[in-house]
Each structure stands twice: as C-alpha cells, then as structure tokens.
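Now for the letters of each chain:
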Amino acid sequence: MQNKRKESNQYIDPFDPLRNKQRDPIRKGKAVGHMNIISDNDEWSTPRELLLHKCNHFLFNPTFDYASSYINHKYPNYFTLQDDSLEQDWLQDGFLNPPYTQVREFMIKAITQWKTNGIGILILVFAKTDTAWYHDLIEPLRKNGSIVVEFHRGRISFDEVDEISNVVWADKCKVWSKSNSAPYGNMWIFLPPSTQRL
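These lines cover the structure that appears in this document, whether it is placed above or below. (Residues numbered from 1 in each chain as written. Predicted model: local features only at pLDDT ≥ 70, side-chain atom pairs only at ≥ 80, totals over all residues. Heavy atoms only, no water.)

**Points about the overall build of the protein**
Here is step 1 of the chain: Regarding its fold elements, the protein presents five helices and eight strands.
Here is step 2 of the chain: Looking at the protein as a whole, 37% of its 198 residues are labelled buried.
Here is step 3 of the chain: Contacts in the protein between residues at least 24 apart in sequence constitute 70% of all its contacts with a sequence separation of at least 6. (Helix = DSSP H or I, 4+ residues; strand = E, 2+ residues; numbered from the N terminus. Buried < 20%, exposed > 50% of the residue type's maximum accessible area, 1.4 Å probe, protein only. Contact = heavy atoms within 4.5 Å.)

**Overview of the nonpolar core**
Here is step 1 of the chain: With 28 residues, the main nonpolar core has W133, I138 and I189 as its most contacted residues.
Here is step 2 of the chain: When residues of this core are traced back to their parent elements, those giving at least two are α4 (103-117), β4 (121-126), α5 (132-143) and β8 (186-191).
Here is step 3 of the chain: With six residues, the top contributor of residues to this core is α4.
Here is step 4 of the chain: Setting aside chain neighbours within four positions, we find I189 in contact with M107, I121, L122, I123, V125, I138, I147, V148 and V149.
Here is step 5 of the chain: Residues L50, C55, F60 and F95 belong to the second largest nonpolar core, which totals twelve residues. (Core = buried A, V, L, I, M, F, W, Y, C linked by side-chain atoms within 4.5 Å.)

**Looking at the pairing of β8**
Here is step 1 of the chain: Taken across its six residues, β8 has six buried, putting it largely inside the fold.
Here is step 2 of the chain: Covered by surrounding structure in β8 are N186, W188 and F190 together with M187, I189 and L191, the residues of both alternating faces.
Here is step 3 of the chain: One ladder, built from six bridges, connects β4 with β8; its direction is antiparallel. Within β8, the position partnered with L124 by the bridge is W188.
Here is step 4 of the chain: Of the pairings in the sheet, the one linking strand β5 (residues 148-151) to β8 comprises four bridges and is antiparallel in character. Bridge pairing in β8 links F151 to M187. (Pairing = 2+ DSSP bridges.)

**Some remarks on the side chain of N186**
Here is step 1 of the chain: Mapped onto the secondary structure, N186 falls in strand β8.
Here is step 2 of the chain: Judged by its relative accessible area of 1%, N186 is buried.

**Thoughts on α4**
Here is step 1 of the chain: The end-to-end C-alpha distance of α4, which contains 15 residues, comes to 21 Å, matching closely the 21 Å that a straight helix rising 1.5 Å per residue would cover.
Here is step 2 of the chain: Looking at α4, one finds that the buried residues are V103, F106, M107, K109, A110, I111, Q113 and W114.
Here is step 3 of the chain: Along its buried surface, α4 packs onto β3 (94-96), β4, α5 and β8.
Here is step 4 of the chain: A positive backbone phi angle near 70 degrees is found at G118, which sits one or two residues after α4. (Expected span 1.5 Å × (residues − 1).)

**Notes on the pairing of β4**
Here is step 1 of the chain: A large share of β4 lies buried, amounting to six of its six residues.
Here is step 2 of the chain: When β3 meets β4, the two strands line up parallel, connected through three bridges. Of the residues in β4, the one forming a bridge with F95 is L122.
Here is step 3 of the chain: With respect to chirality, the unit in which β3 leads through α4 into the neighbouring parallel β4 is right-handed. (Right-handed = clockwise from strand over helix to strand, strands pointing away.)

**Topic: the sheet that holds β8**
Here is step 1 of the chain: One open sheet accounts for six strands, arranged β2-β1-β3-β4-β8-β5; its pairing is mixed. Since the sheet does not close on itself, it has two edges, and those belong to β2 (77-78) and β5, each with one partner.
Here is step 2 of the chain: Where strand β1 (residues 64-65) meets β2, two bridges bridge the pair, whose relative direction is parallel. Residue pairing across strands places D65 opposite Y78, the latter belonging to β2.

**So, helix α3 (residues 48-57)**
Here is step 1 of the chain: Among the residues of α3, L50, L51, K54 and C55 are the ones counted as buried. What you see down the axis of α3 is that its buried residues fit within an arc of 135 degrees, all on one side. The outward face of α3, more than 90 degrees from its buried face, is lined by the exposed residues E49, L52 and N56.
Here is step 2 of the chain: L59 occupies a position one or two residues after α3 and carries a positive phi of about 50 degrees. (Arc of directions from axis to C-beta.)

**Some details on the side chain of K109**
Here is step 1 of the chain: Counting through the fold element by element, K109 comes out in helix α4.
Here is step 2 of the chain: Of the side chains with opposite charge, D89 comes closest to the buried, unpaired K109, at an N-O distance of 5.1 Å.
Here is step 3 of the chain: Once you skip the residues sitting within four places of it in the chain, K109 turns out to touch S85, L86, E87, Q88 and W90. (Lys, Arg positive; Asp, Glu negative; His and termini not counted. Salt bridge = Lys/Arg side-chain N within 4 Å of Asp/Glu carboxyl O.)

Now the structure itself:
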C-alpha cells in the first residue's frame, strides 16, 4: 500500500527525456497525418471572396495567378502545373497559393522575381514559422520592413475542386471538414510592388 501511494504521488518531470520519448509517437502521428493531407491534396483553392478582401486590404490589384490550374485560377492569366511556374518569368502583379509540398522553391522564386522585376505578389501559405524557409527567406524581409506578414485568424475553409466535372465548389455556409479545411493555420505574405515600396 505504501509503495502504491508513492507511485501515484510521484512527481513527473515534463522535461524528462523518457517521458518525451513516450509522447513522441503521438506527436509524430499528428504531424505525419497533417503532411499526408498536404501531400495527398496539393491543390487548395482559395475562396474568391477571401482573396478579394485581402487584396482590398493591401490596396493591391493582382492580374496573374502563379500556381493554379485551368479549373481553379483566380485571374485570367495563370500558370498551371504543366506550365512549370518555377521556370517562367513572373512579370505581372500576382497572387500565389503555392503547392504546399514545394513552398520553399516557390518562395525563392517569388522573392527573386519580386526583387528583379519590381512586381507585387500576395502569397497565401501555411503559417509554419518554425520552418527553415520562413526564417531564411521571410523573416529577414519582415524585420527590415520590406514585406508584410499577417496571420489569418482560424482555419481557412478552402473551396473544393471537382476535377471530374471541372467545377470549383464554393459554399459560404461551409462548416469545417477534413476535406476542405487547412491542416494548419495560414498566413498572408505581401511583397509590395515597386510603386508601393518605401
């Protein structure tokens, strides 16, 4: 009885490596699950009304969708997977919701084209500020005031793309579901055009 009481009252150190090791499978399972959602569906169609709201917020009028498809493009001018946006010149103010499995590559491309061509780019991407691409590419520009980073409150309920009937389903009353809700929070990154830079 005395031993039992000692075990139940025993202090559990939250920083104990053994305790953390025992919890790892659970945390790893969630992370792997989220990455599976991203890799299984790399196409997340941005709700048009939300995009319009953010464009108005930044007083920005993009004319090109740099990572899209012939079904879910937001602007008449756009690059599809077949066009290989990473190999093209970006010459117009544009919107970018990159494939989540290629975020770093698209961020490098966006920043390079932004600096070289003086264009503006509004980017919607998952808010993973612990990633190397964020610290290497975004945070230095945010700190020096060259760009704006804003975090989206809550999870975005993306439009569903129906590849069979070539339709994007947008439902204003849509409730959260695993099929259309982002697995992570999101952030908006605004690379202002040369006309709006200080």
